[in-house]
Amino acid sequence: PSKEGLYQHYRAIAEVSPLPVVLYNVPGRTGVNLEAETTLRIARDCQNVVAVKEASGKLEQIHNIIANAPAGFEVLSGDDGLTLDIIRDGGVGVISVFGNAYPKEMVALVRAMQEGRVSDARNLHDKLNELFQLIFVDGNPSGIKALLNIHGRVENVLRLPLVPACDDTYSDLQQAITAL
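About the cut-offs
Residues numbered from 1 in each chain as written. Predicted model: local features only at pLDDT ≥ 70, side-chain atom pairs only at ≥ 80, totals over all residues. Heavy atoms only, no water. Helix = DSSP H or I, 4+ residues; strand = E, 2+ residues; numbered from the N terminus. Rg over C-alpha atoms; globule rule 2.2 N^0.38 Å. Buried < 20%, exposed > 50% of the residue type's maximum accessible area, 1.4 Å probe, protein only. Axes fitted to C-alpha atoms, helices over the stretch in contact; angles between N-to-C directions. Parallel < 35°, antiparallel > 145°, perpendicular 65-115°, else oblique. Left-handed = near helix turned anticlockwise from the far one by under 90°. Contact = heavy atoms within 4.5 Å. Nonpolar A, V, L, I, M, F, W, Y, C, P; charged D, E, K, R; others polar. Core = buried A, V, L, I, M, F, W, Y, C linked by side-chain atoms within 4.5 Å.

**Some thoughts on the overall build of the protein chain**
Summing up its helical and strand segments, the protein chain has 9 helices and 4 strands in all. Taken from N to C terminus, the helices and strands of the protein chain fall in the order α-β-α-α-β-α-β-α-β-α-α-α-α. Taken over the C-alpha trace, the protein chain has a radius of gyration of 17 Å; the compact-globule value for 180 residues is 16 Å, and the two agree within 12%. Seen through its C-alpha atoms, the protein chain measures out along the principal axes to roughly 50 × 40 × 30 Å. Taken across its 180 residues, the protein chain has 42% of its residues classed as buried.

**Comments concerning the packing of helix 1 (residues 3–16) against helix 3 (residues 36–45)**
When two helices pack together, their arrangement is given by the angle between the helix axes and by the axis-to-axis distance. Close contact between helix 1 and helix 3 brings their axes to 10 Å; oriented N to C, the two are set at 30°. By the angle between their directions, the pair helix 1 and helix 3 is classed as roughly parallel. Note on packing geometry: the crossing formed by helix 1 with helix 3 is right-handed. Here Lys3, Glu4, Leu6, Tyr7 and Tyr10 of helix 1 lie close against helix 3, whose contacting residues are Glu37, Thr38, Arg41, Ile42 and Asp45. Across the contact of helix 1 with helix 3, the residue classes tally to 4 nonpolar, 1 polar and 5 charged.

**Let's talk about the nonpolar core**
By size, the foremost hydrophobic cluster in this structure holds 27 residues, and its most contacted members are Phe98, Tyr102, Leu131, Ile135, Ile144, Leu147 and Leu173. When contributions to this core are tallied by element, the ones reaching two or more residues are helix 5 (83–88), helix 6 (103–114), helix 7 (118–134), helix 8 (142–150) and helix 9 (167–179). Leave out the neighbours within four places in its chain, and Phe98 touches Asp80, Met106, Leu128, Leu131, Phe132, Ile135, Ile144 and Leu147. Core analysis: the second largest hydrophobic core is formed by 21 residues, Tyr7, Ala14, Phe73 and Val75 among them.

Take a look at the structure:
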């Protein structure tokens, strides 16, 4: 859809939603980027649109949204590996994939950033970064399902057209957990 199509879509949702609305920008899944200009227009025009989960991977775009957002509009990282940078720039947290397997670690990373303990957050990020990357090698949710399976929490079963992480990725995840 065009910028105008995206705007009209979210405006229509906001007009009928009895609940606050969080925009979800994940071009890797949708094939289209919700650009800063459109996000900000929606945030200004739709009072119950309260946040965006930003997974575009475009830090300049994300910074633009943070810098120009109306009061009360929040930016959440939608990319575990960029959470530190997004919070540093004024984002408020993360809607995390990795946190499904390691919730305490993700909470610790976010809290450290929110409390200004950047060195602690960076150290934790550096420890987790290999896993952040590995869970997306074969796509989402294949990697996180594999990680949760290694921990004995879920069966490693997906519905087609999704398939489990390949053997090499599964092995790499096991090695990264051991190293962690």
